[in-house]
Amino acid sequence: MTSIAKPVLHCDGLVVHCMDYRLQKILHPWVMNRFGADNFDIVSLAGGVHDYEMVLKYVELGVKIHSINEVVLINHEDCRAYGRDGTYKRHVSDLLEAEHKIEALFPSLSVETFYLHLNGKFESILPA
Ligand SMILES: [Zn+2]
């Protein structure tokens, strides 16, 4: 009995963003433009990186099954999943913390973080 190996799958990026319906028309063209169609995994979670452990599960999976190279983490303005805690400062802090943890676990991954304004502006969050 011979087993036929399945082809190795690859895409460049994994994108994590909030489930919020207000973002979809902004996010989808941006992600398609950045990675190209057919070249990214996309994860929609309430609060973006709010639940880091959940984000990590998807990053691990993306590395394992699609050998991703890049992770893009996007939190956004007026995120109701954060409620009152969702200050700009908190979003920046959570994004950078998630980035650092992922980079420590997966040194070969490039991780970028953005704060998405509701007017459509993607603000790149850089380590202080
Ligand atoms: Zn949100």
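This text follows the structure it describes.
Residues numbered from 1 in each chain as written. Predicted model: local features only at pLDDT ≥ 70, side-chain atom pairs only at ≥ 80, totals over all residues.

Comments concerning the overall build of the protein
Link 1 in the chain: For the protein, the count of helices and strands is three helices and five strands.
Link 2 in the chain: Helices and strands appear in the protein in the N-to-C order β-α-β-α-β-α-β-β.
Link 3 in the chain: A compact globule built from 128 residues would reach a C-alpha radius of gyration of about 14 Å, and the protein, at 15 Å, matches this within 12%.
Link 4 in the chain: Taken along the three principal axes of its C-alpha coordinates, the protein extends 60 × 30 × 25 Å.
Link 5 in the chain: Burial status across the protein gives 28% buried among its 128 residues. (Helix = DSSP H or I, 4+ residues; strand = E, 2+ residues; numbered from the N terminus. Rg over C-alpha atoms; globule rule 2.2 N^0.38 Å. Buried ≥ 20, exposed ≤ 12 C-beta atoms within 10 Å, placed from the backbone.)

Focus on helix H3 (residues 88-105)
Link 1 in the chain: Over its 18 residues, H3 extends 26 Å from the first C-alpha to the last, a length consistent with the 26 Å expected when each residue adds 1.5 Å.
Link 2 in the chain: Inspection of H3 places His91, Asp94, Leu95, Ala98, Glu99 and Ile102 among the buried residues, and these make up the whole buried set. Viewed end-on, H3 has its buried residues packed into an arc of 130°, placing them on one side of the element. Seen from the buried face of H3, the exposed residues on the opposite side, beyond 90 degrees, are Lys89, Ser93, His100 and Ala104.
Link 3 in the chain: Where H3 is buried, its residues touch helix H2 (52-66), strand S3 (70-76) and strand S4 (110-116). (Expected span 1.5 Å × (residues − 1). Arc of directions from axis to C-beta. Contact = placed C-beta atoms within 7 Å.)

Details of the nonpolar core
Link 1 in the chain: Core analysis: the biggest nonpolar cluster contains 23 residues, and Leu14, Val16, Val71, Leu73 and Ile74 have the highest contact counts within it.
Link 2 in the chain: Those elements giving two or more residues to this core turn out to be strand S1 (13-17), H2, S3, H3 and S4.
Link 3 in the chain: Examining the composition of this core, we find that four residues originate from one element, S3, more than from any other.
Link 4 in the chain: Beyond its immediate sequence surroundings of up to four residues, Val16 is in contact with Val43, Leu45, Gly48, Val49, Val55, Tyr58, Leu73 and Ile74. (Core = buried A, V, L, I, M, F, W, Y, C linked by C-beta atoms within 7 Å.)

Focus: the sheet that holds S1
Link 1 in the chain: Spatially, the five strands line up as an open sheet ordered S2-S1-S3-S4-S5, and their pairing is mixed. Lying at the two open borders of the sheet, with one neighbouring strand each, are strand S2 (40-44) and strand S5 (122-124). Direction aside, neighbouring strands of the sheet carry axes that sit 25° apart on average.
Link 2 in the chain: With three bridges joining them, S4 and S5 adopt antiparallel strand pairing. Its bridge partner being in S5, Phe114 is matched across the sheet by Ser124.
Link 3 in the chain: With respect to the sheet, H3 is in contact with S3 and S4, its orientation differing from that of S4 by roughly 170°. (Pairing = 2+ DSSP bridges. Axes fitted to C-alpha atoms, helices over the stretch in contact; angles between N-to-C directions.)

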